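Breakdown of the fold
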Amino acid sequence: NNFKICPFRAGLTHGEDLFFYIENAYYNNLVYGFISNTAYIYRKRDGSAMSNIKGLESGYKSIISEVEKLSEVTSRQKTALKLRVIRILFFSYLSVGDYKNAVLQILRIL
């Protein structure tokens, strides 16, 4: 078995868990699916990584950049990732009333 160990990436402060799953799927030929029920709940409080929207944006851009380097990830999959990130950031900025940055996510990521 040629299983590759893919540790969490040092330096990614946001979305490191997402990239961990993407990288494992890529290198180890794993297939992931989704469920419609809540699988876990995370805490969001002042000072947490998830409350730092600019940090979240930076982290997701780093993930997109790393995924772009994975040659077997199809352009359709890369576009799906980008659209998902746009959605997350759009609603994150909307939730704090930053309408300008919410709309700009479409231009910044695509």
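Bear in mind the structure is a predicted one, so any value in this text is a computation, not a measurement.

What counts and how
Residues numbered from 1 in each chain as written. Predicted model: local features only at pLDDT ≥ 70, side-chain atom pairs only at ≥ 80, totals over all residues. Heavy atoms only, no water. Helix = DSSP H or I, 4+ residues; strand = E, 2+ residues; numbered from the N terminus. Buried < 20%, exposed > 50% of the residue type's maximum accessible area, 1.4 Å probe, protein only. Contact = heavy atoms within 4.5 Å. Areas by Shrake-Rupley, 256 points an atom, 1.4 Å probe, with all protein chains shown as cover. Salt bridge = Lys/Arg side-chain N within 4 Å of Asp/Glu carboxyl O. Core = buried A, V, L, I, M, F, W, Y, C linked by side-chain atoms within 4.5 Å. Expected span 1.5 Å × (residues − 1). pLDDT = per-residue confidence, 0-100.

Quick look at the overall build of the protein
Scanning the protein from N- to C-terminus turns up 4 helices and 0 strands. For the protein, the N- to C-terminal ordering of α and β elements is α-α-α-α. Looking at the protein as a whole, 32% of its 110 residues are labelled buried. A sequence separation of at least 24 residues applies to 52% of the contacts in the protein between residues at least 6 apart. About 8,000 Å² of surface is accessible on the protein, with carbon and sulfur atoms providing 55% of the total.

Here's the deal with the pattern of salt bridges
In this structure the tally under the stated criterion is 6 salt bridges. Between K54 and E57 there is a salt bridge, with the nearest N and O atoms lying 3.9 Å from each other. Residue K54 and its partner E57 are located together in helix α2 (residues 53-68), separated by 3 residues, close to a single helical turn. Between E57 and R108 there is a salt bridge whose closest N-O contact spans 3.5 Å. Placement of the pair is E57 in helix α2 and R108 in helix α4 (residues 99-109), with a sequence separation of 51 residues.

Details of the environment of S58
By secondary structure assignment, the location of S58 is in helix α2. Owing to a relative accessible area of 44%, S58 belongs among the partly exposed residues under this scheme. Between the C-alpha atom of S58 and that of T13, which follows or precedes it by 45 residues, the distance is 8.8 Å.

Looking at the nonpolar core
Core analysis: the largest hydrophobic core is formed by 15 residues, its most contacted members being I63, V67, L81 and V85. Per-element accounting of this core gives the leading share, 5 residues, to α2. With residues up to four places along the chain from it excluded, the contact list for L81 reads L18, I22, I63, I64 and V67.

With respect to helix α1 (residues 16-28)
Between its terminal C-alpha atoms α1 stretches 18 Å, which fits the 18 Å expected from 13 residues at 1.5 Å a residue. Taken together, the buried positions of α1 are F19, I22, E23, N24, A25 and N28. On the buried face of α1, the contacting elements are α2 and α3 (75-95). Positive phi appears at N29, one or two residues downstream of α1, with a value of about 55 degrees.

Re the confidence of the model for the protein
On average, the protein scores 81 in pLDDT, and the residues at 70 or more come to 89%. Across the protein, the element-wise mean pLDDT spans from 80 in α1 up to 89 in α3.

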